[in-house]
Amino acid sequence: MTISFAMIAERLNLSKSHITQSKGEKLTILQCEVVVLNAINNMKIAFVGKGGSGKSTLCASFALYVSSLTTKPVVVFDADLNIHAPKLLGFLPIPFDKHISAPGPTDEIKKWLIGKNDIKNLGAFRKSTPPTQKSNLVRLESIQNTPLGKYGLHRGNLSVFAVGTYQEEDIGASCYHNNLAILESILSHTDDAHGYVVTDMVAGVDSFAGTLHAQFDLTCLIVEPTMRSIEVYIKYIDLANEAGVAESVRVIGNKIRNQKDIDFIKSHIPSQKIIGFFTDDEHIRDIDQNGALLSVAKLNPDNQNILKTILELVDSLPDNRQLRLGKIWEIHRKYSNQVHIKNLYGNLNLQIDESFVFSDT
Ligand SMILES: Nc1ncnc2c1ncn2[C@@H]1O[C@H](COP(=O)(O)OP(=O)(O)OP(=O)(O)O)[C@@H](O)[C@H]1O
Ligand SMILES: [Mg+2]
């Protein structure tokens, strides 16, 4: 069966800039799906949850799934202490000196993001410092041409970056939140108008320490059918409510073996919060036990369907760039108004440029 592109464009109310096919061209249904996906707006998605719940597995599966369906860039940030995403995505490990939280890369990236802003001292570029008209923005479609690009690994439209983990000299002297600061700056300065940012987050509720909880359109909270996992959900949702971002948090049950597991999760979490249930999967066991390569096509069909459901949900969300920025301003004001911060850096509220808007191009 064929259908004209003009018909799809009309039905979806797509603007001219979205239309890459010439008018009158006939497409198969499969091609239509790809065209529709390529037309959809920007998105930032995070996978969070208890340690070992399946964040990396679901994050990598989703990123592979999306990147196979679209020509848009899919950029993965592995912010987990245990860096698993590159391997799951079929890349080599990212060496320590390429971790974006390593001192060299961090300073280089910060300097570039600051652009023409009057911030002489890198220390005054805080994790909540928002983008302005004078900042350099990370545009996903050209990420490889930015100073950030060389720290990632790239294959086709898929890129992966490692935030970084503890080094021996950090033990007792550093807090992982410090490592996350550069990710926060990158995310707030990223315009995702033409692609997907997929982040494998730190375990538990660490993302509330800074701006991370406010940086995503959709936060997928991975919940195992265990009481400890439910406790992480309760804590996370409480903090998300307090921070005014609970709307963007949705749950995926993982490692589901039977109806009893589903009922257990449903007895603790409202149905409207649940995207679906990812079953205990032979292919994922094979990856873990025998080093098999992750392949979406080898996942249990029900699990492939969950990936589709996440993508449909993501693609149904509105353009939230300005809303997200408003939240960053709010967090930055709160941070800047603390007396010790004023004493250290002066009035950081001046870093907010309320005239800044993400453009449509
Ligand atoms: N649906 C599933 N079926 C079978 N095994 C799974 C499934 N999901 C995850 N696992 C296994 O559970 C373990 C933890 O998964 P994963 O590394 O994705 O979790 P994580 O939340 O990222 O963990 P960490 O907090 O250590 O980073 C792995 O051995 C993985 O293979
Ligand atoms: Mg992980």
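Residues numbered from 1 in each chain as written. Chains lettered and ligands numbered in written order. Predicted model: local features only at pLDDT ≥ 70, side-chain atom pairs only at ≥ 80, totals over all residues.

Student: Please explain unusual backbone geometry as it appears in this structure.
Tutor: Trans peptide bonds make up the majority, and among non-glycine residues the majority have a negative phi. For K255, which is not a glycine, the phi torsion comes out positive at approximately 60°. Looking at the secondary structure, you find K255 in strand β11 (residues 249-256). Overall, K255 belongs to the buried group, with 21 C-beta atoms counted inside 10 Å. (Helix = DSSP H or I, 4+ residues; strand = E, 2+ residues; numbered from the N terminus. Buried ≥ 20, exposed ≤ 12 C-beta atoms within 10 Å, placed from the backbone.)

Student: It is not clear to me how the nonpolar core should be interpreted in this structure. Could you clarify?
Tutor: Grouped burial of nonpolar side chains is what soluble globular proteins tend to show. Counting 72 residues, the largest nonpolar core has A63 and V76 as the members making the most contacts within it. At eight residues, helix α3 (residues 55-69) tops the list of elements feeding residues into this core. Filtering out sequence-adjacent residues up to four positions away, V76 remains in contact with C59, A63, A85, L89, S159, V160, V198 and D200. (Core = buried A, V, L, I, M, F, W, Y, C linked by C-beta atoms within 7 Å. Contact = placed C-beta atoms within 7 Å.)

Student: Just to check I follow, could you spell out the environment of D261 for this structure?
Tutor: Counting through the fold element by element, D261 comes out in helix α8 (residues 259-266). When the C-alpha positions of D261 and T226 are compared, they lie 8.5 Å apart, and in sequence the two are 35 residues distant. Leave out the neighbours within four places in its chain, and D261 touches P225 and I256.

Student: Even after reading the chapter, I still don't get helix α5 (residues 103-114), so can you show me in this structure?
Tutor: Every α-helix winds through 3.6 residues per turn, so residues three or four apart in the chain are directed the same way. Taking 1.5 Å per residue, twelve residues should reach 16 Å; α5 reaches 16 Å between its end C-alpha atoms and fits that length. Among all positions in α5, only P105, T106, I109, K110, L113 and I114 are buried. Buried positions in α5, seen along its axis, are confined to an arc of 155° and lie on one side of it. (Expected span 1.5 Å × (residues − 1). Arc of directions from axis to C-beta.)

Student: Would you explain the site of ligand 1 in this entry?
Tutor: Taken together, 21 residues surround ligand 1, and among them G51, G54, K55, S56 and T57 come closest. Looking at the shell around ligand 1, the elements that each hand over two or more residues are α3, β11 and α9 (282-290). Of all the elements, α9 adds the most residues to the shell around ligand 1, at four residues. Taken together, the residues of the shell around ligand 1 sort by class into four nonpolar, ten polar and seven charged. (Near = placed C-beta within 6 Å. Nonpolar A, V, L, I, M, F, W, Y, C, P; charged D, E, K, R; others polar.)

Student: Hey, could you run me through the pairing of strand β10 (residues 218-223) in this one?
Tutor: Within a regular strand, the side chains alternate between the two sheet faces. With respect to burial, β10 is a largely interior element, five of its six residues being buried. Both strand β3 (residues 43-49) and β10 contribute to a ladder of five bridges, which runs parallel. Looking across to β10, one finds that V48 is bridged to L221. In the sheet, β10 pairs with β11 via five bridges, with the strands oriented parallel. (Pairing = 2+ DSSP bridges.)

Student: Mind showing me how you'd approach the pairing of strand β4 (residues 74-78) here?
Tutor: The element β4 is largely enclosed, with a buried count of five among its five residues. Because side chains alternate across β4, one face comprises the buried residues V74, V76 and D78, and the other comprises V75 and F77, equally buried. As judged from the five bridges shared by β4 and strand β9 (residues 196-203), these two strands associate in the parallel manner. In the sheet register, D78 faces β9, and the bridge partner there is D200.

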